[in-house]
Amino acid sequence: MGVVFAITFGLLCLAGLLSLGRLLLGRGTLDRIVALDVFITLIVAATCVGMGMNEDGSNVALAAAFALLAFIGSVSAARLVEKKESHR
């Protein structure tokens, strides 16, 4: 099972690098918001994989709180951009 966890972490790191690239090189504000949301989701996924690897579920509440915070931040940023662009 260690090989599966290593491959999973490797793929999550690759996806994280790609989303960071999109975050830095994104054309618009919405592109960057989506890239940041994907990056935070990848962090939560990596935390969950780490909990599975260690067979320790003590960080479930932390992962859930971080995911909820990311969701609220993405929704509020998207609403702000939507309101800002509707006045043009």
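Above this text is the structure in question.
Let us look at the structure shown here. It should be emphasised that the depicted structure is a prediction, and the values quoted were computed from it without experimental measurement.

About the thresholds
Counting restarts for each chain, with residues numbered from 1 along the sequence as it is written. The predicted origin of the model limits local features to residues at a pLDDT of at least 70 and limits the giving and counting of side-chain atom pairs to 80 or more, whereas totals for whole chains, interfaces and linings rest on all residues. Computation of side-chain values: all heavy atoms of the structure, hydrogens and water removed. What counts as a helix is a DSSP run of H or I of at least four residues, what counts as a strand is a run of E of at least two, and both are numbered from the N terminus. The buried label applies to any residue whose accessible area, calculated with a 1.4 Å probe on protein chains only, is under 20% of its type's maximum; exposed applies above 50%, and partly exposed to all values in between. Each patch is built from residues lacking any salt bridge and having more than 30% relative accessible area; the joining distance is 9 Å for like charges and 5 Å for nonpolar side chains (Val, Leu, Ile, Met, Phe, Trp, Tyr). What sets the accessible areas is the Shrake-Rupley method with a 1.4 Å probe; for residues, cover comes only from the shown protein chains. Every case where a carboxyl oxygen of Asp or Glu lies within 4 Å of a side-chain nitrogen of Lys or Arg is listed as a salt bridge.

Structurally, the position occupied by Ser74 is in helix 3 (residues 60-86). What makes Ser74 buried here is its relative accessible area of 16%.

Residues Val3, Ile7, Leu11, Leu14 and Leu18 make up a contiguous nonpolar surface patch of about 530 Å² in total accessible area. Locating Ile7 in the fold gives a position in helix 1 (residues 2-25).

So, about unusual backbone geometry. For Glu55, which is not glycine, the phi dihedral falls at a positive 55 degrees. Turning to its location among the elements, Glu55 is positioned in the loop between helix 2 (29-54) and helix 3. The class for Glu55 is exposed, based on a relative accessible area of 75%.

A full pass over the atoms with the stated rule returns one salt bridge. Between Asp31 and Arg22 there is a salt bridge whose closest N-O contact spans 3.3 Å. Judged by relative accessible area, Asp31 falls into the partly exposed class, the value being 28%.

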